[in-house]
Amino acid sequence: MDVKIAHSWKSKLTPEFEKPYFLQLIEFVKQEYKTQTVYPPGKEIFRAFDCSDFSDVKVVIIGQDPYHGPGQANGLCFSVREGVRNPPSLVNIFKEIKQDLGKPIPTSGDLERWATQGVLLLNATLTVRASSPGSHQNKGWEVFTDAVIKKISDEKENVVFLLWGAYAQKKGEIIDRNKHLVLASAHPSPFSADRGFFGSKHFSKTNDYLKRKGIAEIEW
């Protein structure tokens with residue numbers, strides 16, 4: 001089947017697109033978009049891949065679900081559209097960057113500026129029904145995104161994986177820690193950020209590692 005995804009990823013993931021689970025997933029997603037309000041807009045489902053070519057990926061941040069409120073989700077985990085109020089987790093991410101790197105808190109919560117530098121902002125589930133968090137879980141997306149993580153782990157070296165919260169950490173168990181840097185902490189949600197996300201210094205640690213490996217640092 002023809003999945004509209006960036007060419008560099010299509011060549012890596014075509015075998016996945018032909019598996020029965022993925023064909024069933026696409027049928028489910030198509031039906032949901034026809035009959036329900038679903039986020040993000042269809043053309044942005046694979047935006048994380050469109051913004052970061054496979055060869056350019058140097059950091060992976062794993063989220064869970066897209067935002068389920070109107071106009072928020074834009075295909076990049078933790079990111080919102082220009083002009084949309086920053087959700088609490090993103091506010092805390094920006095607070096940690098300020099504390100860690102001394103950078104001012106940005107006005108825009110659109111993280112495309114990270115994605116185009118090689119930060120893959122990957123949600124475990126790439127679609128969600130409006131006002132219904134978790135509604136597209138266990139339909140096949142997690143199998144697909146596990147395959148993406150494994151492909152990066154197997155075929156690349158010196159990638160930094162940021163695993164925030166128990167869900168991301170479990171998903172990251174397939175990463176080869178001999179080839180990559182894995183940084184884990186509490187989730188940036190207000191419910192858990194003060195239990196280890198604040199003060200984790202993941203952003204400076206990421207850049208220190210990239211610098212040591214001779215890879216361009218991220219302008220966070």
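Residues numbered from 1 in each chain as written. Predicted model: local features only at pLDDT ≥ 70, side-chain atom pairs only at ≥ 80, totals over all residues. Heavy atoms only, no water.

Here we look at the environment of Trp141
Here comes step 1: Among the structural elements, Trp141 can be located in helix 6 (residues 141-155).
Here comes step 2: Its relative accessible area of 1% is what places Trp141 among the buried residues.
Here comes step 3: Sequence separation of Trp141 and Ser189 is 48 residues, and the distance between their C-alpha atoms is 23 Å.
Here comes step 4: In this structure Trp141 touches Phe22, Leu25, Val29, Ile45, Phe46, Ala124, Thr125, Leu126, Thr127 and His136, once residues within four positions along its chain are discounted. (Helix = DSSP H or I, 4+ residues; strand = E, 2+ residues; numbered from the N terminus. Buried < 20%, exposed > 50% of the residue type's maximum accessible area, 1.4 Å probe, protein only. Contact = heavy atoms within 4.5 Å.)

As for the UniProt feature "active site" (unreviewed entry) in the protein chain
Here comes step 1: In the numbering used here, UniProt assigns the "active site" (unreviewed entry) feature to Asp65.
Here comes step 2: Mapped onto the secondary structure, Asp65 falls in the loop between strand 2 (59-63) and helix 4 (88-101).
Here comes step 3: A relative accessible area of 18% means that Asp65 is categorised as buried.
Here comes step 4: Discounting residues that sit within four places of it in the chain, Asp65 has contacts with Asn123, Thr125, Val128, Pro133, Gly134, Ser135 and Gln137.
Here comes step 5: At a separation of 2.5 Å, a polar atom in the side chain of Asp65 contacts the main-chain amide nitrogen of Gly134. (UniProt positions renumbered as here; feature names shortened; annotations may be inferred. Polar contact = N/O pair within 3.5 Å; in protein donor to acceptor, adjacent residues only side chain to side chain.)

Focus: the UniProt feature "domain: Uracil-DNA glycosylase-like" (unreviewed entry) in the protein chain
Here comes step 1: On the UniProt side, "domain: Uracil-DNA glycosylase-like" (unreviewed entry) is annotated at positions that read residues 49-210 here.
Here comes step 2: Secondary structure across residues 49-210 divides into 31% helix and 14% strand, with the first and last C-alpha atoms of the span separated by 21 Å.

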